[in-house]
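Survey of secondary and tertiary structure
The primary structure of each chain is shown beneath.
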Amino acid sequence: MIRKVPQLVRGSPIDEDPDEPVIRRLGSGDLDALGALYDRHAPALLRFARRSAPFDDAQDIVQTTFLRVSRIAARYDPARGSGRAWLYGVAAQVLRERRRSMARLTRMLARLGDAVSIPRAEDTPGQGDDAVAVDQALDRLSEAKRVTFLLVEVEGFSCEEVSNVLGVPIGTVWTRLHHARRELRAVLGEEQAK
Amino acid sequence: MSERCPRIWEVEAIRDGRLRGESRLAHERHRESCEDCRQEAQALAALAERVGRMPTGATDDLGLRRLRQCVLERADAEASGRKRHTRRRIALLGIAAALFAALLIVTTAWIRNAREAPIARVDLVVVATGEPGTRWTRTTESSVERFRLNDGVLSLRVERPAGARRVLVEVPDGEIEDLGTTFRVEVRGGKTARVGVQQGIVRVRLRDGVAIDLKEGESWTREPAQPVLSVEHNAVSTPVEVASAAPSVSQIHSGTGVSRVDAGTAAPAASGPAVGSPEEDAAYLRILELLRAGRRDAAREAARVYLAAYPAGFRRAEVQRVAEDTPR
């Protein structure tokens with residue numbers, strides 16, 4: 001009996017990936033390709049960064065992501081996922097590094113006795129109560145759960161793609177997703193009850 | 001409190017892609033009639049939508065363009081830096097490769113010199129002198145100094161330090177290898193007639209079975225009448241029988257079989273050998289042997305024969321005292 005293998009990865013090499021030739025050009029040193037990649041993905045990446053990190057850090061994260069992409073584009077392997085997924089994977093790595101350095105800085109300042117407030121959506125003018133609640137709920141998640149949730153539920157990547165770009169087993173992605181949903185629902189349900 | 005549907009977990013599993021194919025279809029059929037599962041699916045979708053709806057600040061086109069400009073400028077600067085770094089690295093690699101090559105060449109040359117040095121440092125000195133009418137050639141090879149003696153008498157004086165080339169004298173019927181000595185080879189009629197060693201050791205290897213080492217003062221002579229080999233022990237040996245008046249032959253046992261000790265005095269008388277020749281040496285040694293054997297009369301007689309044959313011999317003074325029976 002022949003069992004049909006399901007298509008697991010969205011944007012796999014079987015599909016036409018419009019980003020692949022651009023990343024290849026970038027890998028061969030064509031900086032115009034970086035401009036093209038930026039134009040195509042920067043707005044969405046900026047939104048992703050703003051949801052994932054303190055508001056003011058978003059631009060730095062996007063800038064660092066594109067600079068890193070320009071350095072490592074030659075190593076891009078289309079077999080491991082689409083160009084877009086790879087780009088978000090780099091952004092997630094930048095976020096993780098930034099979060100760690102911020103945590104170190106926070107601990108250092110806390111030792112000095114200063115209260116550190118990291119600006120988030122509530123500090124951003126023009127945001128409604130619901131946005132603040134969602135932002136706070138996201139903020140309560142661990143960085144790994146938050147990024148996994150946002151990549152799957154907001155950016156629309158499959159769990160397999162997220163597993164590839166984050167370099168974690170797919171079971172870990174499922175677990176993180178499950179816990180992220182449960183925690184978010186718990187927090188946002190309380191908010192709604194209030 | 002009512003129990004929730006036990007299949008409610010399948011909603012999340014379908015959303016995450018864990019449930020596919022028939023299982024998914026079965027659940028979707030179930031969901032049509034299950035309120036719990038339908039609500040769960042709606043709640044999960046609503047959560048995603050709510051988070052996705054969260055405003056992330058207005059996308060400022062100017063800000064995006066500014067960021068783009070900044071990204072491209074920094075990327076360009078990094079690329080230039082990388083190129084400079086790459087060029088510097090290539091230059092350093094080139095220098096390192098050149099140094100390595102130079103080191104390799106020097107090391108190779110040093111090793112080669114070290115290998116060749118023993119030969120280069122060890123100077124082989126071979127002085128070959130052929131008597132008039134002698135036919136011989138000399139060839140220098142990498143490991144052998146080769147002489148080919150076809151006929152005549154060739155004298156060689158070899159100073160051969162350890163590690164130097166071998167010295168080989170090829171004779172029509174074999175070869176003689178020098179082991180650092182002064183020696184003399186005589187070939188007559190296509191055969192080695194005589195090999196005499198004045199100093200050092202010589203190895204004689206002839207096709208007719210002769211394979212002997214001749215030490216200082218020894219010589220080997222081919223018997224003219226019969227192909228019996230004889231070794232002349234010019235040095236001290238133990239005679240068994242000595243003829244006093246007519247110096248002829250005495251038998252000894254050598255390692256190679258029956259050999260003869262030749263007094264060597266008949267030949268000088270007959271043919272008048274030259275002063276300083278092996279025959280003269282043999283005649284002198286013969287006198288010494290007789291003296292050691294306590295046969296003073298025979299020694300005196302042999303001394304007279306020596307003086308008659310070699311009136312200008314090197315040992316004339318000593319032999320004269322023996323002939324006159326005067327103690328030293």
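In this text the structure is predicted, and so the values were computed from the model without any measurement. (Residues numbered from 1 in each chain as written. Chains lettered and ligands numbered in written order. Predicted model: local features only at pLDDT ≥ 70, side-chain atom pairs only at ≥ 80, totals over all residues.)

Considerations on the interface of chain A and chain B
How big an interface is tends to be reported as the loss of accessible area on association of its parts. The line we're drawing: Here contacts are defined at the residue level, using C-beta atoms placed from the backbone and a cut-off of 7 Å between them. By definition, any uninterrupted DSSP run of H or I lasting at least four residues is a helix, any uninterrupted run of E lasting at least two residues is a strand, and each is numbered from the N terminus. Classification convention: Asp, Glu, Lys, Arg as charged; Ala, Val, Leu, Ile, Met, Phe, Trp, Tyr, Cys, Pro as nonpolar; all other residues, Gly among them, as polar.
With 36 residues of chain A at the contact, the number on the chain B side is 27 residues. At the level of secondary structure, the elements contributing two or more residues to the side of chain A that touches chain B comprise helix H2 (31-52), helix H3 (58-72), helix H5 (129-140), helix H6 (143-154) and helix H8 (170-193) of chain A. If one sorts the elements of the side of chain A that touches chain B by residue count, H2(A) sits on top with ten residues. Split by residue class, the side of chain A that touches chain B holds 19 nonpolar, nine polar and eight charged.

Quick word on H2(A)
Put simply, the rule is: Take the residue count of a helix, subtract one, and multiply by 1.5 Å to get its expected span. Two axes enter the definition of the bend at a residue: one is fitted to the seven residues ending there, the other to the seven starting there, and the bend is the angle between them.
The first and last C-alpha atoms of H2(A) sit only 28 Å apart over 22 residues, clearly below the 32 Å expected at 1.5 Å per residue. Of all bends in H2(A), the biggest is about 55 degrees, found at A:His41, and the proline A:Pro43 comes one to four residues later.

Observations regarding the packing of helix H7 (residues 296-309) of chain B against helix H8 (residues 316-323) of chain B
All names here are of chain B. Going by this rule: All axes here are fitted lines through C-alpha atoms, helices being fitted over the stretch that makes contact, and every angle between N-to-C directions spans 0 to 180 degrees. For classification purposes, an angle smaller than 35 degrees is called roughly parallel, one larger than 145 roughly antiparallel, one from 65 to 115 roughly perpendicular, and anything else oblique. Helix crossings are classified by the rotation of the near helix relative to the far one: an anticlockwise turn of less than a right angle makes the crossing left-handed, while a clockwise turn makes it right-handed.
In the contact formed by H7 and H8, the axes pass within 8 Å of each other and the chain directions differ by 140 degrees. Comparing the axis directions of H7 and H8 gives the class oblique. Crossing handedness for the pair H7 and H8: left-handed. Judged by residue contacts, Ala299, Arg300, Ala303, Arg304, Tyr306 and Leu307 of H7 engage Arg316, Val319, Gln320, Val322 and Ala323 from H8. Looking at the contact of H7 with H8 residue by residue, the classes come out as seven nonpolar, one polar and three charged.

Side note on the nonpolar core
This is how the line gets drawn: Note on definitions: a nonpolar core is a set of buried residues drawn from Ala, Val, Leu, Ile, Met, Phe, Trp, Tyr and Cys, linked by C-beta atoms within 7 Å. Partly exposed residues are those whose C-beta has more than 12 but fewer than 20 other C-beta atoms within 10 Å; 20 or more makes a residue buried and 12 or fewer makes it exposed, with C-beta atoms placed from the backbone.
In this structure, A:Leu45, A:Ala49, A:Ile61, A:Val62, A:Tyr88, A:Ala91 and A:Val162 are the most contacted members of the largest nonpolar core, which totals 56 residues. Look past the residues within four positions of A:Ile61 in its chain and what remains in contact with it is A:Ala49, A:Ala53, A:Ala91, A:Val94, A:Leu95 and A:Arg98. Among the nonpolar cores identified, the runner-up in size contains 20 residues, and B:Val153, B:Leu156, B:Val167 and B:Val197 belong to it.

As for helix H3 (residues 35-53) of chain B
Along an α-helix, residues three or four apart share an orientation, since each turn contains 3.6 residues. All names here are of chain B. Basically, it comes down to this: Here the arc refers to the set of directions running from the helix axis out to each C-beta atom.
Here H3 spans 26 Å end to end across 19 residues, near enough to the 27 Å set by a 1.5 Å rise per residue. Those residues of H3 that fall on the buried side of the exposure criterion are Cys37, Glu40, Ala41, Leu47 and Val51. Seen from one end, H3 has its buried residues packed into an arc of 125 degrees, which puts them on one side. Of the exposed residues in H3, those oriented more than 90 degrees away from the buried face are Glu35, Gln42, Ala46, Glu49 and Arg53.

Re the confidence of the model for chain A
We apply this condition: pLDDT expresses, on a scale from 0 to 100, how confident the predictor is about each individual residue.
Looking at chain A as a whole, the pLDDT averages 81, with 80% of positions reaching at least 70. Ranking the helices and strands of chain A by mean pLDDT puts H6(A) first, with 92, and helix H4 (residues 83-112) of chain A last, with 83.

Looking at the packing of helix H1 (residues 19-27) of chain A against H2(A)
A packed helix pair is summarised by two numbers, namely the angle formed by the two axes and the spacing between the axes. All names here are of chain A. Axis separation between H1 and H2 bottoms out at 7 Å; the angle between their running directions is 145 degrees. When the axes of H1 and H2 are compared, the crossing they make is left-handed. Contacts from Asp19, Val22, Arg25 and Leu26 in H1 reach Ala33, Leu34, Ala36 and Leu37 in H2. When grouped by side-chain class, the residues that make up the contact of H1 with H2 number six nonpolar, no polar and two charged.

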